Number of protein chains: 2
Amino acid sequence: MDTPSVQALGQRAKAAARSLATVSTVTKNTALQAIAAQLRADMDAILAANEQDVADARTNGLSAALIDRLRLTPERLQAIAADVEHVITLADPVGERFDVRMLPNGLHLHRRRVPIGVVGVIYESRPNVTVDVACLCLKTGNAVILRGGKETTRSNAVLVAAIRRALATAGLPDDAVQVITDPSRERVVELLRMDQYVDMIIPRGGAGLHQFCREHATIPVITGGVGVCHMFVDATANIEQALPVIHNAKVQRPSACNALDTLLVERVIAPQLLPRVAADLAAVGVELRADAEAFPLLSTAAPNIVPATASDWNTEFLALVLAVRVVDGLDEALEHIWRYSTGHSDAILTTDASAAARFIEEVDSAAVFVNASTRFNDGGQFGLGAEVAVSTQKTHARGPMALQELTTYKWVVEGNGHVRP
Amino acid sequence: MDTPSVQALGQRAKAAARSLATVSTVTKNTALQAIAAQLRADMDAILAANEQDVADARTNGLSAALIDRLRLTPERLQAIAADVEHVITLADPVGERFDVRMLPNGLHLHRRRVPIGVVGVIYESRPNVTVDVACLCLKTGNAVILRGGKETTRSNAVLVAAIRRALATAGLPDDAVQVITDPSRERVVELLRMDQYVDMIIPRGGAGLHQFCREHATIPVITGGVGVCHMFVDATANIEQALPVIHNAKVQRPSACNALDTLLVERVIAPQLLPRVAADLAAVGVELRADAEAFPLLSTAAPNIVPATASDWNTEFLALVLAVRVVDGLDEALEHIWRYSTGHSDAILTTDASAAARFIEEVDSAAVFVNASTRFNDGGQFGLGAEVAVSTQKTHARGPMALQELTTYKWVVEGNGHVRP
């Protein structure tokens, strides 16, 4: 493959999107099956390219965790191919009609779900994202321009080449899936400003990447992925239930954006709850950052505890660290969350229905939880079958973005010579 | 009123949005009624301020059409107050639950419609927009920061003062409606970059304003309002029906973004249709810009005709001007529309159901019309009861934006101590 300009990628993507928009679900599924087969057929080439990326990463001193994220193995590639086959089983939202009605003047009106068009996805170093995003875009009839991390350039080139071959064998335009392999940041800026060709940008990465995209884009950007997540335990909470939920929210996958960052505890329940939380989390090595009131209640059981500083309240730890604060009650908890939440995932543990109702009503986050772990904020866990990103902005989509959120709609108006009076 | 910084407006708006989000429909309607009453009570002051704006506009040599747009009269102000009362009758979308379900693990999940938060609206010189936008935002629980044209600074200040007084008497935060009165463009840029306070920007104006917002905003911008609109008349069309539809789409309000710009006619029907189109439109002073093939068919009946130039095909005329082209058939029409449409409103006139179906499927515009005038692309005409903008972008909303499009949703997850496996 030569290396076309970003403008050329945009032009080709727009042309590909035009044909993709009217492709049947059956054909899209055939192409997905072909992609899964091609990934398996090309396994040796993919693993060889990935091995070079891994070797470079080692030379460049990347951390073991990052190297593990970018490494492909036969098992991981088989899992990626199986994930492609899973997308086949998902319902295709394109073509769905809604708000169907006849107006008093006899005009027939409906909204029809259609692909967005061209989606640009900018992400970091996991090669599985390359395949996942390409397949979700294909299933929804969107062309995609991918820009992965520079550490995975070779892996992504080979993966995308496999996908493009499969698209061609299925009779679909291979320009439906394209990748920017030039690692320069200027190419990203070009992509972000190509509003004549690209309809939506999805960044997948840290706060810096999202900020960079917002700053430079002239195209709508789905921002999200950053979660300073809270859990408020009120006086009526069931402590036996609270302990495993807190544990799960913090410990089950601390590097995820829906992992718990700040635990707020109502004063009257703090003496019963906090020593047990401390013992439970100390056992798995969680570092606690406690306010003055929580500190003495935690410190007896938690060797790994420091006083919380002001910046802890707006930090997404992405690690086994938990900030803990004692509050007067629901009002102070709501005030804290209003001030510090990034609007991702916030939870209340309570047996008081009116407290739960107020929390749901007043916490302005993508997902609000009652007596459940924040870790459920995920497209798969919500039963959506997929997830291309988690949005924390207010427009287009909020929370997990699955297939439906990769579509828009058009209005269809059918008349019989109707003119506007 | 002092003149606070744009940052201060943002902070206040965000605080106001927090309380507004949980206000009942009854209270919001009471506030709307108070606004209508206050506008009537303040009529003399409003008309006096407006008279000064009009006098300045005359001094500055604004066109009669622009001056007419900014002028308020007792009748126009009564109509604006009546429009406020109309908003009371519209259904409040906030609080609506959808996608309600129980997951296999027993978690109860639903999406709940909520206000967006803080909306920034940047518009040109019509003072009625000030009241209209403020009331639609209020009804949907959003705080709004308004930035009208500099020609209407005094009118807007007095109108917003009336609205704010009414909000206060209804017990709502007056910072729910604020206006930037400083005419400097730097204030607009500040607004566009205030992503910590503002959730969505709606520009209402020409292509230049939309471009400016896209360039400078770090906040999601709803772009739209620019329509190069097409009508394709195929060989099977009913000519007696086609003539009034073409006439309506071009003539009923040529300054609107959904007015017809380019007429495409299938070759075999052109000799019957075009002389009659020419005669019909010549009678009301429409200038025709014809391609080489359409020219001789039009020129006998149309004194006001010139050859079309390349730039005519991507011009939104906003005037009694129509570009006309003869095409081979549906394929060439679709190709022309794909190339030149701004994705606003495009129509086919046909009696062939399969042609209509292909047109609906393949034309990627916010609204696609069959045997109806493009002038119907409007929130009121679509039965939505209101319209805050017409979007031609693909994310969040497409076509007329009414109350529902001024909302987002949150996910609500209710469990019983659920943890993620």
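Residues numbered from 1 in each chain as written. Chains lettered and ligands numbered in written order. Predicted model: local features only at pLDDT ≥ 70, side-chain atom pairs only at ≥ 80, totals over all residues.

**Quick word on the overall build of chain A**
- Counting its regular elements, chain A contains 14 helices and 16 strands.
- Since a compact globule built from 421 residues should have a radius of gyration of about 22 Å, the 24 Å found for chain A is in line with a globular shape.
- In terms of overall dimensions, chain A has C-alpha extents of about 70 × 65 × 35 Å along its principal axes.
- A total of 421 residues make up chain A; the buried ones form 53% of that total.
- For chain A, long-range pairs separated by at least 24 residues make up 70% of all intrachain contacts whose partners lie at least 6 apart in sequence. (Helix = DSSP H or I, 4+ residues; strand = E, 2+ residues; numbered from the N terminus. Rg over C-alpha atoms; globule rule 2.2 N^0.38 Å. Buried ≥ 20, exposed ≤ 12 C-beta atoms within 10 Å, placed from the backbone. Contact = placed C-beta atoms within 7 Å.)

**Looking at the relation of the copies chain B and chain A**
- Of the two same-sequence chains, chain B is brought onto chain A (RMSD 0.0 Å, axial shift 0.0 Å) by a rotation of 180°. The symmetry that links the two subunits is that of a two-fold axis. Among all residues of chain B, the one whose C-alpha sits closest to the rotation axis is H396 of chain B, at a distance of 1.7 Å.
- When the interface residues of chain B are mapped onto chain A, 100% of them again fall at the interface, so both copies present the same face. (Least-squares fit on C-alpha atoms with pLDDT ≥ 70 in both.)

**A word on the pairing of strand β9 (residues 287-290) of chain B**
Residue and element names in this part refer to chain B.
- One ladder, built from 4 bridges, connects β9 with strand β11 (residues 321-327); its direction is parallel. Pairing of R289 across the sheet is with A323, part of β11.
- Of the pairings in the sheet, the one linking β9 to strand β10 (residues 305-307) comprises 3 bridges and is parallel in character. Looking at β10, one finds that R289 is bridged to V306. (Pairing = 2+ DSSP bridges.)

**What about the interface of chain B and chain A?**
- Every contact between the two is made by 58 residues of chain B and, on the other side, 58 residues of chain A.
- Put simply, the parts of the chain that give the side of chain B that touches chain A at least two residues each are α9 (207-216), α10 (239-251), α14 (353-362), β13 (367-372) and β16 (407-418) of chain B.
- It is β16 of chain B that contributes the most residues to the side of chain B that touches chain A, 11 residues altogether.
- For the side of chain B that touches chain A, the per-class residue count stands at 24 nonpolar, 20 polar and 14 charged. (Nonpolar A, V, L, I, M, F, W, Y, C, P; charged D, E, K, R; others polar.)

**Quick look at the domain arrangement of chain A**
Residue and element names in this part refer to chain A.
- Here chain A is partitioned into domain 1 (6-223 + 396-414) and domain 2 (229-381).
- The straight-line distance from the C-alpha centre of domain 1 to that of domain 2 is 35 Å.
- The interface of domain 1 with domain 2 comprises 4 residues on the first partner and 5 residues on the second.
- A class-by-class count of the residues in the side of domain 1 that touches domain 2 yields 2 nonpolar, 1 polar and 1 charged. (Domains from an automatic or database assignment.)

**Observations regarding the environment of A34 of chain A**
All names here are of chain A.
- With respect to the helices and strands, A34 occurs in helix α2 (residues 25-41).
- Residue A34 is classed as buried on the basis of its C-beta count, with 21 C-beta atoms lying within 10 Å.
- It is 7.0 Å that separates the C-alpha atoms of A34 and A170, two residues lying 136 residues apart in sequence.
- Among all residues touching A34, those that are not within four sequence positions of it are A166, T169 and A170.

**Structural notes on the packing of helix α2 (residues 25-41) of chain B against helix α7 (residues 153-169) of chain B**
All names here are of chain B.
- Two elements in contact, α2 and α7, have axes whose closest approach is 8 Å; the angle formed by their N-to-C orientations is 135°. The pairing of α2 with α7 is recorded here as oblique in orientation. The element α2 and its partner α7 pack so that their crossing is right-handed. In this structure, α2 uses A31, A34, I35, Q38 and L39 to contact α7, whose residues at the interface are A162, I163, R165, A166, L167 and T169.
- When its residues are assigned to classes, the contact of α2 with α7 shows 8 nonpolar, 2 polar and 1 charged. (Axes fitted to C-alpha atoms, helices over the stretch in contact; angles between N-to-C directions. Parallel < 35°, antiparallel > 145°, perpendicular 65-115°, else oblique. Left-handed = near helix turned anticlockwise from the far one by under 90°.)

**Here's the deal with the sheet that holds β16 of chain B**
- Strand order across the open sheet formed by 10 strands is β10(A)-β9(A)-β11(A)-β8(A)-β7(A)-β12(A)-β13(A)-β16(B)-β2(B)-β1(B), with mixed pairing between neighbours. For this open sheet the edge positions go to β10 (305-307) of chain A together with β1 (97-102) of chain B, each flanked by a neighbour on one side alone. For this sheet, the mean angle separating the axes of adjacent strands, direction not counted, is 20°.
- Pairing geometry for strand β13 (residues 367-372) of chain A and β16 of chain B, over 5 bridges, is parallel.

**What to know about helix α7 (residues 153-169) of chain A**
Residues and elements named next belong to chain A.
- Here α7 contains 17 residues, and its C-alpha end-to-end distance of 24 Å stays within 8% of the 24 Å for a straight helix at 1.5 Å per residue.
- Residues S155, N156, V158, L159, V160, A162, I163, R164, A166 and L167 constitute the buried set of α7.
- Buried residues along α7 sit in contact with α2, α3 (43-59), α6 (127-139), β4 (143-147) and β5 (177-179).
- Just beyond α7, the residue with positive phi is G171, at close to 80°. (Expected span 1.5 Å × (residues − 1).)

**A word on unusual backbone geometry**
- Positive phi outside glycine occurs at H396 of chain A, with the angle close to 65°.
- Mapping H396 of chain A onto the fold places it in the loop between β14 (389-391) and β15 (399-401).
- Judged by C-beta crowding, with 22 C-beta atoms within 10 Å, H396 of chain A ranks as buried.
- Phi is positive for D99 of chain B, close to 50°, though the residue is something other than glycine.

**Quick look at the packing of α2 of chain A against helix α5 (residues 74-89) of chain A**
Residues and elements named next belong to chain A.
- Running from N to C, α2 and α5 point in directions that differ by 175°, and their axes come no closer than 9 Å. Taken as axis vectors, α2 and α5 run roughly antiparallel relative to one another. Where α2 abuts α5, its residues N29, L32, Q33, I35, A36, L39 and R40 lie against L77, I80, A81, V84, E85, V87 and I88.
- Considered class by class, the residues forming the contact of α2 with α5 number 10 nonpolar, 2 polar and 2 charged.

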